[in-house]
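# Coordinates in review
Single-letter residue listing:
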Amino acid sequence: MPVPRTLLHLARQQAGLVSAEQCEAVGVGPSRRRNLVARGGWRRVTRRVFDTTAVPAEMHPYDVDRLRSAWTALLANPLAIAVGACALVLHGVQGLPRKITPEATFAGGVARKSRDGIAFRQYVSGMATVEIAGRDVVVVGQALIQTLPTLTRDQAVACLDSALYRGLIRPDHLAEIRRGLEGRRGARRAIPWLSLAHGRAESPPESRARLRCHDAAIAPDDLQRDFFDGRGRFLGRADLAWHLGGNR
């Protein structure tokens, strides 16, 4: 008997993963799940979470890995709230490393024992959340505060650039993120990176190129600059642009 298409469709949205509860909802019970694992078609990720290997063919393997970490943490407990890098992945923020730790928290600062590489964080202060794909995810600003100190400079700036470019945060939110970082482990290293963020950087490679120029003391004056000829005809767009004077 084939696995229900509805379950495989759901798995593709979750980087190939499904929970036991999701399986039960479409009639894939414990014995069927055991058989699927025994035959090698499925793999048990952690208690009551399974990898069906059903992932979108067009998704880059790095994106699959990051999304799988986020859903591993969420599917491990129906009350889990995505935090940190996992929350950023679900918001669509780019620039994170390929490998991120599956991490989640619980409302009210409830403690849970980490297991199978999943980190269950305990945050005693309240956090604002939004719903994504039916699950609670901390807002982008809070997720950045939790994540930036764990990243390299280039990764942190790429994440900030992506969040700004996609309109997930505004430039004035950077001051709030700075205040949220103060007093955290790694904050002294991460806070100066906020000044390097640029809302017109389209992608992590562009962010890295801009930082290389910054390090060489030739930071570009503009990003995503459109160029036109004397008749107003569009000539092209430059990722990085320098003003040379004389309208050049």
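These lines cover the structure that appears in this document, whether it is placed above or below. Just so we're clear, the structure is a prediction, and the values are computed from it rather than from any experiment.

The sheet contact formed by strand β9 (residues 222-228) and strand β10 (residues 234-241) spans six bridges and is antiparallel. Looking across to β10, one finds that Phe227 is bridged to Gly236.

Let us now look at the pattern of salt bridges. Overall, the coordinates contain 18 salt bridges when judged by the stated rule. In this structure, Arg48 engages Glu21 in a salt bridge whose closest nitrogen and oxygen atoms are separated by 3.2 Å. Placement of Arg48 in the loop between β2 (43-46) and β3 (49-51) and of Glu21 in helix α2 (residues 20-25) is noted, with a sequence separation of 27 residues between them. Exposure remark for Glu21: the relative accessible area of 39% places this residue in the partly exposed category. Salt-bridge contacts for Asp172 lead to Arg170; the nearest nitrogen and oxygen are separated by 2.9 Å. For Asp172, a relative accessible area of 43% puts it in the partly exposed group. Residue classification places Arg170 among the partly exposed positions, given a relative accessible area of 46%. Each of the salt bridges in this network shares a partner with another, and the network as a whole consists of Arg153, Asp154, Arg212 and Asp215.

This part takes up the sheet that holds β3. With antiparallel pairing, three strands are arranged side by side in an open sheet as β1-β3-β2. A single partner strand is all that each edge strand has here, and the edge strands are β1 (17-19) and β2. Averaged over all neighbouring strand pairs, the angle between strand axes comes to 35°, with direction disregarded. The pairing of β2 with β3 spans three bridges and is antiparallel. Each residue of the ladder has a partner; that of Thr46, found in β3, is Val49. Packing of helix α4 (residues 61-75) onto the sheet brings it into contact with β1, β2 and β3, and relative to β1 it is tilted by some 5°.

Counting residues in each nonpolar core, the largest one holds 54 residues, and the members touching the most others are Leu90, Leu96, Leu144, Leu148, Ile169, Ile177 and Leu181. Put simply, the parts of the chain that give this core at least two residues each are α4, β4 (81-82), α5 (84-91), β8 (135-138), α6 (140-147), α7 (153-165), α8 (173-181) and α9 (187-190). The next biggest cluster of nonpolar side chains, apart from the first, holds 11 residues, and it includes Ala11, Ala20, Val28 and Trp42.

How each quantity is defined
- Residues numbered from 1 in each chain as written.
- Predicted model: local features only at pLDDT ≥ 70, side-chain atom pairs only at ≥ 80, totals over all residues.
- Heavy atoms only, no water.
- Pairing = 2+ DSSP bridges.
- Helix = DSSP H or I, 4+ residues; strand = E, 2+ residues; numbered from the N terminus.
- Salt bridge = Lys/Arg side-chain N within 4 Å of Asp/Glu carboxyl O.
- Buried < 20%, exposed > 50% of the residue type's maximum accessible area, 1.4 Å probe, protein only.
- Axes fitted to C-alpha atoms, helices over the stretch in contact; angles between N-to-C directions.
- Contact = heavy atoms within 4.5 Å.
- Core = buried A, V, L, I, M, F, W, Y, C linked by side-chain atoms within 4.5 Å.

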